Amino acid sequence: MSKVYMALQDNEEAHYLVEALEEDNPDVTVDYQPAMIRIENEDRLVLKRETVEEKMGRDWDLQSLHVNLVTIGGNVDETDDEFTLSWN
Amino acid sequence: MAARKLNLKERYSLLTRDLDWEYSYRDKKEIFPYEDFEGIKITDWSKWEDPFRLTMDAYWKYQAEKEKKLYAIFDAFAQNNGQQNVTDARYINAIKVFLTGVSPLEYQAYSGYAHVGRQFSGVGARTACQMQSIDELRHVQTQVHAMSHYNKFFDGFQDFSHMHDRVWYLSVPKSFFDDARSAGPFEFMVAISFSFEYVLTNLLFVPFMSGAAYNGDMATVTFGFSAQSDEARHMTLGLEVIKFLLEQHPDNVPIVQRWIDKWFWRGTRLLAIVAMMMDYMLPNRVMSWKEAWEVYFEEAGGALFKDLARYGIEMPKYAATAIAEKDHISHQTWSTFYNYGHAAAFHTWMPDEKEMDWLSEKYPDTFDKYYRPRFEHWREKEQAGERFYNPTLPMLCNTCQIPMGFTEMDDPSLIAYRQSVYQGERYNFCSDGCKDIFDHEPEKYVQSWLPVHQIYQGNCGGADIEKVLSEYYRINMGKDNLDFHGSPDEARWNAWHNLESAEERLKKAG
Amino acid sequence: MAVAAITPDYTGERLDRVENFHGNIVVYVGWDRHLMFCSPIAFATPPDTTFGKLQDEMIAGAYAQHPDFAKIDWEQVCWLLNGEPFTPDREATLAAQGVDHKSIIRMQTPGLEGIGGSHS
Ligand SMILES: [Fe+2]
Ligand SMILES: [Fe+2]
Ligand SMILES: [Zn+2]
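What you are looking at is a predicted structure, and each value in this text was computed from that prediction instead of being measured.

> Whenever I open this one, the overall build of chain A confuses me. Can you help?
Tallying secondary structure elements over chain A gives three helices and seven strands in all. The order of helices and strands in chain A, counted from the N terminus, is β-α-β-β-β-α-α-β-β-β. Taking 88 residues into account, the globule formula puts the C-alpha radius of gyration at 12 Å, and chain A, at 12 Å, falls close to it. Residue burial in chain A is summarised as follows: out of 88 residues, 57% are buried. Counting contacts in chain A only where the partners sit at least 6 residues apart, residues at least 24 apart contribute 61% of the total. Only carbon and sulfur atoms are counted for the fraction: they give 39% of the accessible area of chain A, which is about 3600 Å². Charged side chains of chain A number 7 positive and 22 negative; the gap between the two group centres comes to 2 Å.

> What is the right way to look at the coordination of the iron ion (ligand 1) in this model?
When four donors bind a metal tetrahedrally, each ideal donor-metal-donor angle is 109.5 degrees, and when six bind octahedrally, the ideal angles are 90 or 180 degrees. Residues and elements named next belong to chain B. Each protein donor to the iron ion (ligand 1) is listed here as Glu106 (OE), Glu136 (OE) and His139 (ND1); together their distances run 2.0 to 2.1 Å. Taken in chain order, the donor set of the iron ion (ligand 1) reads E-x29-E-x2-H. The metal-metal distance between the iron ion (ligand 1) and the iron ion (ligand 2) comes to 3.3 Å, with glutamate 136 coordinating both. Separated by 30 residues along the polypeptide, glutamate 106 in helix α4 (residues 92-119) and glutamate 136 in helix α5 (residues 123-151) bring together distant segments of the chain. Look at glutamate 106 and you get buried, because its relative accessible area is 6%.

> Sorry if this is basic, but what is going on with the coordination of the iron ion (ligand 2) here?
Around the iron ion (ligand 2), the protein supplies Glu136 of chain B (OE), Glu197 of chain B (OE), Glu197 of chain B (OE), Glu231 of chain B (OE) and His234 of chain B (ND1) as donor atoms, at distances of 2.0 to 2.7 Å. Donor residues binding the iron ion (ligand 2) come from one chain and are separated in sequence as E-x60-E-x33-E-x2-H.

> Got a minute to help me understand α4 of chain B in this structure?
Side chains three or four residues apart in an α-helix point the same way, a direct result of the helix having 3.6 residues per turn. All names here are of chain B. With 28 residues, α4 ought to run about 40 Å at 1.5 Å a step, and its terminal C-alpha atoms sit 40 Å apart, in line with that. In the structure, α4 departs most strongly from a straight axis at leucine 99, where the bend amounts to approximately 35°. The element α4 is extensively covered by neighbouring structure, given that 22 of its 28 residues are classed as buried.

> Is there a simple way to think about the interface of chain A and chain B in this case?
The extent of an interface is frequently quoted as the accessible surface area lost upon association of the parts. Opposite the 33 residues of chain A that make contact, chain B presents 40 residues. Three residues, Gln63, His66 and Val67 of chain A, lead the burial of chain A against chain B; their summed loss comes to 20% of the area buried on that side. Aspartate 80 of chain A serves as the salt-bridge partner of arginine 11 of chain B, at 3.8 Å between the closest nitrogen and oxygen. If you look at where chain A meets chain B, you find 16 residue pairs in polar contact (both at pLDDT 80 or more). Counting only elements with at least two residues in the side of chain A that touches chain B, the list comes to β1 (3-9), β3 (36-42), α3 (65-68), β5 (69-73) and β6 (75-78) of chain A. For the side of chain A that touches chain B, the element with the highest residue contribution is β5 of chain A, accounting for five residues. For the side of chain A that touches chain B, a count of residues per class yields 12 nonpolar, 14 polar and seven charged.

> In this structure, what is going on with the interface of chain C and chain B? I would like to understand it.
Tallying the contact residues gives 47 residues for chain C and 55 residues for chain B. A combined buried area of about 4400 Å² lies between chain C and chain B, and 55% of that area is made up of carbon and sulfur atoms. Note that glutamate 425 of chain B is salt-bridged to arginine 14 of chain C, the shortest N-O span being 2.6 Å. Viewed at the interface, chain B and chain C are joined by 27 residue pairs in polar contact (both at pLDDT 80 or more).

> How do you make sense of the layout of surface pockets when you look at a structure like this?
Over the atoms a probe the size of a water molecule is rolled, and this reveals where empty space is left. All names here are of chain B. If you add up the space inside the second largest pocket, you get close to 750 Å³. Lining the second largest pocket are 42 residues; nearest its centre among them are Asp178, Asp179, Ser182, Ala183 and Lys444. Every element with two or more residues in the lining of the second largest pocket is listed here: α6 (160-166), α7 (171-181), α8 (185-205), α11 (252-270) and α19 (442-445). Looking at which element gives the most residues to the lining of the second largest pocket, the answer is α7, with six residues. Among the residues making up the lining of the second largest pocket, the classes are represented as 17 nonpolar, 13 polar and 12 charged.

> What exactly am I supposed to notice about the pattern of salt bridges here?
Proximity of charged atoms lets side chains of opposite charge pair with each other. Residue and element names in this part refer to chain B. A full pass over the atoms with the stated rule returns 59 salt bridges over all chains. Ionic pairing is found between arginine 233 and aspartate 135, a salt bridge with its closest N-O pair at 2.7 Å. Of the two residues, arginine 233 sits in helix α10 (residues 218-248) while aspartate 135 sits in helix α5, which places them 98 residues apart along the sequence. For lysine 444, the salt bridge goes to aspartate 179, with nearest N and O atoms at 2.8 Å. Placement of lysine 444 in helix α19 and of aspartate 179 in helix α7 is noted, with a sequence separation of 265 residues between them. On the basis of relative accessibility, which here comes to 15%, the residue lysine 444 falls in the buried class. Classification of aspartate 179 by relative accessible area gives buried; the value is 4%. By sharing partners, the salt bridges in this structure join Lys66, Glu67, Asp135, Arg138, Asp230 and Arg233 into a single network.

> So what exactly am I meant to see when it comes to unusual backbone geometry here?
With the exception of glycine, the majority of residues adopt a negative phi angle, and the majority of peptide bonds are in the trans configuration. The residue arginine 474 of chain B is not glycine, and still its phi comes out positive at about 65°. Within the secondary structure, arginine 474 of chain B sits in the loop between α21 (465-472) and α22 (488-496). In the Ramachandran plot, histidine 119 of chain C falls in the positive-phi region, its phi being about 60° despite a non-glycine side chain. With respect to the helices and strands, histidine 119 of chain C occurs in the segment after β5 (103-108).

> So what exactly am I meant to see when it comes to the confidence of the model for chain C here?
Parts of the prediction with low pLDDT should not have their coordinates interpreted in detail. Model confidence for chain C is summarised by a mean pLDDT of 96, while 99% of its residues fall at 70 or above. ipTM for the predicted complex: 0.98, alongside a pTM of 0.95.

> Honestly, the sheet that holds β3 of chain A in this entry has me stumped. Any pointers?
In sheet architecture, strand pairing relies on hydrogen bonds along the backbone and comes in two forms, parallel and antiparallel. Residues and elements named next belong to chain A. Ordered in space as β2-β3-β1-β5, the four strands form an open sheet in which the pairing is antiparallel. The sheet is open, and its two borders are formed by β2 (29-33) and β5, each paired with just one other strand. Strand-to-strand twist of the sheet, defined as the mean angle between neighbouring strand axes without regard to direction, takes the value 15°. As paired strands, β1 and β5 are joined by four bridges and run antiparallel to one another. By the bridge assignment, methionine 6 is partnered in β5 with isoleucine 72.

> Can you help me understand the side chain of serine 360 of chain B in this one?
If you trace the backbone, serine 360 of chain B turns up in helix α16 (residues 353-362). Judged by relative accessible area, serine 360 of chain B falls into the buried class, the value being 13%.

> Just to check I follow, could you spell out the packing of α8 of chain B against helix α9 (residues 207-214) of chain B for this structure?
A pair of packed helices can be characterised by two numbers: the angle between their axes and the separation between those axes. Residues and elements named next belong to chain B. Following both chains from N to C, one finds α8 and α9 inclined at 10°, their axes separated by 3 Å at the closest point. Taken together, α8 and α9 sit at an angle that is classed as roughly parallel. Residues Asn202, Leu203, Leu204 and Phe205 of α8 form the contact with α9, whose participating residues are Pro207, Phe208 and Met209. Residue composition of the contact of α8 with α9, by class: six nonpolar, one polar and no charged.

Parameters at a glance
Residues numbered from 1 in each chain as written. Chains lettered and ligands numbered in written order. Predicted model: local features only at pLDDT ≥ 70, side-chain atom pairs only at ≥ 80, totals over all residues. Heavy atoms only, no water. Helix = DSSP H or I, 4+ residues; strand = E, 2+ residues; numbered from the N terminus. Rg over C-alpha atoms; globule rule 2.2 N^0.38 Å. Buried < 20%, exposed > 50% of the residue type's maximum accessible area, 1.4 Å probe, protein only. Contact = heavy atoms within 4.5 Å. Areas by Shrake-Rupley, 256 points an atom, 1.4 Å probe, with all protein chains shown as cover. Lys, Arg positive; Asp, Glu negative; His and termini not counted. Charge placed at Lys NZ, Arg CZ, Asp CG, Glu CD. Donors = N, O, S within 2.8 Å, 3.2 Å for Na, K, Ca; no water. Expected span 1.5 Å × (residues − 1). Bend = angle between axes of the 7 residues up to and from the residue. Buried area = accessible area lost by both parts, 1.4 Å probe. Salt bridge = Lys/Arg side-chain N within 4 Å of Asp/Glu carboxyl O. Polar contact = N/O pair within 3.5 Å; in protein donor to acceptor, adjacent residues only side chain to side chain. Nonpolar A, V, L, I, M, F, W, Y, C, P; charged D, E, K, R; others polar. 1 Å grid on protein atoms, 1.4 Å probe; cavity = no way out; pocket = protein on both sides within 12 Å on 5 of 7 lines; lining within 4 Å. Points joined across faces, edges and corners; volume = space filled by probe spheres on them. pLDDT = per-residue confidence, 0-100. Pairing = 2+ DSSP bridges. Axes fitted to C-alpha atoms, helices over the stretch in contact; angles between N-to-C directions. Parallel < 35°, antiparallel > 145°, perpendicular 65-115°, else oblique.

Now the structure itself:
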């Protein structure tokens, strides 16, 4: 087992992303550091567009994740609906 | 009937792969002349995967959004005299190191990716490199813009690009990138995209930038994280490149492993300066260098290399040495700059009592035993009005070009010396890693432009060291260099905050 | 090993060959376990410099600030030349006793443990 992680800038939009990540990855660890939020999980972390839209109450384009993303660790898979990090 | 909306994968394919064409009247080898000479075998470029399926239209849209956010913060920072609200003027010196040592590397990265983005015959790789090239140009521009504000109030920022090309310690980052850019396109990708961006830059951009925020420097954290938002894409490119090369042909595996070994080692040497910035130059500390190293190399890198093991790739050759060095590297590097503080374009100082206690706590096995007595001695000297400066020129490693201040990890108070003799001439190194790099490609590294030797050869404006520093390097002597205590930076800071300098306090007490 | 290069039989210009130093050689001096001086020193000096001059003028000028320096018993110093034990001849020139371009001379001063015993 290895950890995958992402870090987001600590801002308004990111808080919705964290909520969505917490919902879709129940064992996720969220660590608030100065100006950033580090989210890690064993082996796999998935961000779902639908869940984010639910939290935000509006349409949200998954690719706009890039605006707030600070760093990642893991293999990336990105579709219209999901952004996934994983280790094999 | 309305056309079905294309999904991300289809859009991406249309806007990248389908823009490629067959070469009908020119030989492919003639068009892509650099693709073969490194020994890398590519059998099928169409196997290149792009995990971020970013098309140019989406790229411009999100980059524009990032820029808007960024410049709004720069404006607010300037309007609110943000320079007065950082924790301490000493902190600004970390930003000077950044502007002179790191930002020019962004420019080098821009040029490097523009070059390799032209040289690959696979369109997926070309597109990714093209975007990264534009990103890197954005990084250098935003960094120069952000720090131009500090240039109005502090010394040492004014000649950063000139200094990057000439100043002794800046030959370390400069030669690192020169080495990568003068390699073939595949080595460049393994060097910069994988070893540097994926494995090591987190250590620079994540904990250090978080530290900038913690020290009230909103301008820096914003450009740092804005750059990092591109970095996630760069890191992914780095991982993709590795997987692609390893899957293309088994003969690629040993070549890639050697590049990983080399560039991991070059990268850890380069990061010695970041280690020092984190442990010594941030008045409010988020985490120690050692802690950052554990999270971002040992843990994250461990997971990565476990993942790559299925291809036959192992941990970088000198990872164990680098791991042992986490207890020493920041202290040794700060010692070096303290020794040669008269020859640097930023200020150095001795940590105060509280800061030394923090270092003792974070480095229980090494700080009190090896470093604290030295630092206390230096502090006493300074208090007696005899601030220690090393009156000589240092011996440099022929590969990393850093003064030979690193020690043996099984005997940490003994300098590590390594030597090779090539065609009758001696070459000296700081480590096995640096020696290996030379031994593998001596014809490249016999060309090292070692600043100390260049001074002795008379190529830096003559034999007078004062003149080398002031005229050849363009350090404003007495302003940019020397100890923070007694500097014009300190005086200005104290005036803004109605603080008295230590000397004035002493005078009054006396 | 050879550099993988686009030009066959690639060779580079040796930037630090001795001819570039205007009659000097580069000699490095390190004082073991005295890390107050962060790294060994690079001197440029004519090859006919005597060892006595190196020791009395150049080394002394470089290291005099160290509190251990005045305590050195020069009879007891162990010298290394490029990693091998070495018995210098004070009257002879560097060249005559095998100190060539980019050689490393190390001095070990047993009993002197650096500042506060920290090997600094
Ligand atoms: Fe960058
Ligand atoms: Fe980058
Ligand atoms: Zn080195």
